[in-house]
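# Structural description and commentary
Below, each chain spelled out in residue letters.
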Amino acid sequence: MPILLIAGKEAGELLLSVRGLAWLLVFSVVLSAFSLLLVSDTELSLLDNAQVVYDMTGIATALGGLLALIVGVDTIAGERERGSLVPLLLTTVSRDGILLGKLGGIAVAWVVIYVLAAPYLWAVGSTGQNLSDGLLGLALLGTPVVLGFGFLGMGLGAWLGTARTGLLIGLIVLVLAASPLLLGPSLRQTAVGRAFDAVNPFSAAINAYDAVIIDSVSVAAQATNLAVTAAWFALALWFARASFCRIAR
Amino acid sequence: MLIEINSLRLSLSGVPILHDVQLSLREGEIYGLLGPNGAGKSTTIAAALGLLVPESGTVRVLGRDPLREPRAVHARLGVLTEQGGFYDWMTAERYLGFFARLYGGSPIASALGDRLARVGLTPRRGQTIGSYSRGMRQRLGLARALLTDPPLLILDEPTSGLDPRGRRDIHDILLALADGGVGILLSTHLLDDVDRLCQRIGIIVEGRTVAEGNVVDLLGASSSPQRFRLRLTAPPPQAEIGNITVLASDGEWWTVDIDPAWNPEAVWPDLFCGGWPITEIRRDSGGLEDLYLALTERTAA
Amino acid sequence: MRRWHIVVVLALILQTLPARAGDLSIELAPDAKNPPAPQMGDNLSFHSIIRSNGPATVEGVIAWLSLVQIDPGREQPVDLEDWSAHKAVTAAALDAGETLEADWPLRLIQAGTYRVVVSAANRDGVDLATSPFEDFVVREKPVVESQRVLPVALAIPILIGIAMSWRRWNA
């Protein structure tokens, strides 16, 4: 099936190329550095342990979004610049089929990131609270957020034409979305802050992690946050398809 | 007719690129598409592939509209783009197998091996493409273009980056394909390639076809002399033959110009009868180069 | 019995009685199911009874839980944000003799020695009613185990690095 074939090719780019493995190495080094910082502190309270798990799920989501964005831009604009997109467009596979295959590649990238992050979460969170719910929350809410950034990258790569411009704009969007992590609670409580939080998929995921991991609220109660991330996923998917179907060469 | 393009007009982002392009390619024919950088050759090819939407004019490829029936056209078309476009982490065999599956076929090892053998890549089939030279990548691109045994090939700079032996090998492949009835549209800057391979050419300048037709006819219609290189076993007789001018010699090869009004096929018997000990005749692209330069300078002026 | 004996006996009797302030009194007791030697991560529960002792109805009653750490040198109030979601109870009115009962569950977040007290006030009152203190000790539990973290933090990047080298070697 062409879609699976193209998805497999995209997965191979990530897992079998030196460049793709380098990105995974960077991801794992960041998580390792964060984990090793904790080893020296043996007097963490239970709350701090939950905070660590919460922080690490947030980092996994942010880095996952970053990697998906890069993969998304590269799979369209990068391939076009390398000349490998046109041969794909000239096969008998439809545009939608090629797009779905590339989307599948981004999904594989997220699965790899999740699988890489899981041992770290187990290592720091197995003696604490709500690890399994945290992993479930990361899967349910992290997936639409991360894949959405991948689709955004694909759309930007197709629409803007150059990988550099697509990546630049995508990074700006990602930093804006992740800004709640940088803003203090008081700024997030302003009218503008609350409005932004309400539509920001990254905020929705982070708030859900907070509720599930720290406040021990059930994952099932995160319907509102899940709806925000699902809306982001759908919007980014529409953008990717609309941009890709207009691509010429 | 494999490709028919008439009065093609096309703009990109509001900028007119093609104003009036004509192109026709028949079965078994190798057609050379020439033109200065930025003339619109790649844009014309993209329109033929159905990747760009024309403003006006007609484009028919394999009897179909490539915009309305892209998959039907692509199924019977082999393309080698200038950049090639490969996945460095794959081996050549795996790469061809990937595309064979995308075209809906099952990649039989022997068929893939045949394609690789035709382009001389069998010894390197198991190595990753990242280790390939530019010339090897060109060969692999040609192998990919031949995957479905297409009746039509569109090749953009297929011999770019190849050494003389490599170029000759590619020439032989293309000539054999044309003999088998495959039509080949060849976009190139190398006039030597055009001279050796192409029966018909089209020259595009600033988005317009300024010349199209049989090479011999175009050279005859132009003011450019027809230039040949003759291999002689001894110096030619001193007696002049009016329609031929000797330009240079290195003792073995003699470069001559034939008056453009004369058909060279009619001149050779005169030379043989005049005692010229000719063992080999080759067309020198100088005539074609002069034609090309004359047309492009005239149009630019 | 000497006079000072009587004073001491009265003081002891008063100490055992529920604390009084105004018209409200509060009793506080640990739940019988609380673990005897709790550690971090365990749950404790306390039960309080707020009684209206005056002749008139007490209106606008609010009672809340307070927690302080009392380890020497580390005395400090504890923010109940992460210890309990159940921080206050209210009653619109308590008639004379009526009681308001409440359970106060706690999740033990950090090791140390703690004191919990329930306080109550009403709309028209001028005093604060407090319960007797209940003290408890939370034992420490190791939460970040280096024997888990080190292998993961070192092995995963090393494995990926090996994979990169292998691909580069075989390219």
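Cut-offs applied
Residues numbered from 1 in each chain as written. Chains lettered and ligands numbered in written order. Predicted model: local features only at pLDDT ≥ 70, side-chain atom pairs only at ≥ 80, totals over all residues. Helix = DSSP H or I, 4+ residues; strand = E, 2+ residues; numbered from the N terminus. Contact = placed C-beta atoms within 7 Å. Core = buried A, V, L, I, M, F, W, Y, C linked by C-beta atoms within 7 Å. Buried ≥ 20, exposed ≤ 12 C-beta atoms within 10 Å, placed from the backbone. pLDDT = per-residue confidence, 0-100. Pairing = 2+ DSSP bridges. Axes fitted to C-alpha atoms, helices over the stretch in contact; angles between N-to-C directions. Parallel < 35°, antiparallel > 145°, perpendicular 65-115°, else oblique. Left-handed = near helix turned anticlockwise from the far one by under 90°. Nonpolar A, V, L, I, M, F, W, Y, C, P; charged D, E, K, R; others polar. Expected span 1.5 Å × (residues − 1). Arc of directions from axis to C-beta.

Within chain A one finds 11 helices and zero strands. When the helices and strands of chain A are placed in sequence order, the string is α-α-α-α-α-α-α-α-α-α-α. With respect to the principal axes defined by its C-alpha atoms, chain A has extents near 60 × 40 × 30 Å. A separation of at least 24 residues holds for 84% of the contacts in chain A among residues at least 6 apart in sequence.

Moving on, we get to the nonpolar core. One finds L67(A), A68(A), Y95(B), I154(B) and I184(B) to be the most contacted residues of the largest nonpolar core, which totals 152 residues. If one sorts the elements of this core by residue count, helix 3 (residues 46-82) of chain A sits on top with 17 residues. The contacts of L67(A), once residues within four sequence positions are left out, are W23(A), F27(A), A109(A) and I113(A). One finds V58(C), L108(C), I109(C) and V118(C) within the second-largest nonpolar core, a separate group that totals 24 residues.

It is worth spelling out the confidence of the model for chain C at this point. Caution applies to low-pLDDT parts of the model: their predicted coordinates are not meant to be read in detail. All names here are of chain C. When pLDDT is averaged along chain C, the result is 84; 84% of the residues meet or exceed 70. Here residues 14-21 is modelled with pLDDT under 50, and outside its nearest four sequence neighbours on either side it reaches 14 contacts, counting other chains as well. Predicted as a complex, the structure gets a pTM of 0.73 and an ipTM equal to 0.82.

The subject of this paragraph is the sheet that holds strand 11 (residues 244-249) of chain B. Residue and element names in this part refer to chain B. Reading across from one edge, 11-12-10-13 is the order of the four strands in this open sheet, with antiparallel pairing throughout. Across the chains shown, the open sheet's two edge strands, defined by having one partner strand only, are strand 11 and strand 13 (278-283). Averaged over all pairs of adjacent strands, the angle between strand axes in this sheet comes to 30°, irrespective of strand direction. As defined by bridge partners, strand 10 (residues 226-232) adjoins strand 12 (residues 253-258) across six bridges and the pair is classed as antiparallel. Bridged to R227 within strand 12 is D257. Docked against the sheet, helix 9 (residues 264-273) engages strand 10, strand 11, strand 12 and strand 13, running at close to 160° with respect to strand 13.

The next point concerns unusual backbone geometry. Residues and elements named next belong to chain B. In this structure, E157 takes a positive phi of about 55° despite not being glycine. Structurally, the position occupied by E157 is in the loop between strand 6 (152-156) and helix 6 (164-179). In this model, E206 sits at a positive phi of 50°, which is unusual for a non-glycine residue. For E206, a count of 17 C-beta atoms within 10 Å puts it in the partly exposed group.

With that settled, the discussion passes to the packing of helix 10 (residues 201-214) of chain A against helix 11 (residues 223-245) of chain A. Helices that pack against each other are described as a pair by the angle of their axes relative to one another and the distance between those axes. All names here are of chain A. Two elements in contact, helix 10 and helix 11, have axes whose closest approach is 8 Å; the angle formed by their N-to-C orientations is 150°. Between helix 10 and helix 11, the angle is such that the two are roughly antiparallel. Where helix 10 crosses over helix 11, the handedness of that crossing is left-handed. Within the contact between the two elements, helix 10 uses P201, A204, A205, N207 and A208 and helix 11 uses N225, V228, T229 and W232. Here the contact of helix 10 with helix 11 is built from residues that sort into six nonpolar, three polar and no charged.

This paragraph deals with the packing of helix 6 (residues 131-160) of chain A against helix 11 of chain A. Residue and element names in this part refer to chain A. Close contact between helix 6 and helix 11 brings their axes to 8 Å; oriented N to C, the two are set at 20°. When the interaxial angle is binned, helix 6 and helix 11 end up roughly parallel. Relative to helix 11, helix 6 is oriented so that their crossing is left-handed. In this structure, helix 6 contributes L140, L141, P144, V145, L147, G148, F151, L152, M154, G155, A158 and W159 to the contact, and helix 11 contributes N225, L226, T229, A230, W232, F233, A236, L237, F239, A240, S243 and F244. A per-class count over the contact of helix 6 with helix 11 returns 19 nonpolar, five polar and no charged.

Residues and elements named next belong to chain B. Checked against the element boundaries, T255 lands in strand 12. Residue classification places T255 among the partly exposed residues on the basis of 17 C-beta atoms within 10 Å. Separated by 95 residues in sequence, T255 and S160 place their C-alpha atoms 26 Å apart. Beyond its immediate stretch of four places on either side in the chain, T255 contacts R227, R229, L247, A248 and D284.

Let's shift gears to helix 7 (residues 163-178) of chain A. Residues and elements named next belong to chain A. Taking 1.5 Å of rise per residue, 16 residues should cover 22 Å, and helix 7 covers 22 Å from first to last C-alpha, within 8% of that figure. Of all the residues in helix 7, the buried ones are A163, G166, L167, G170 and A177. Seen along its axis, helix 7 keeps its buried residues to an arc of 90°; they face one direction. Turned more than 90 degrees away from the buried face of helix 7 sit R164, I172, V175 and L176, all of them exposed.

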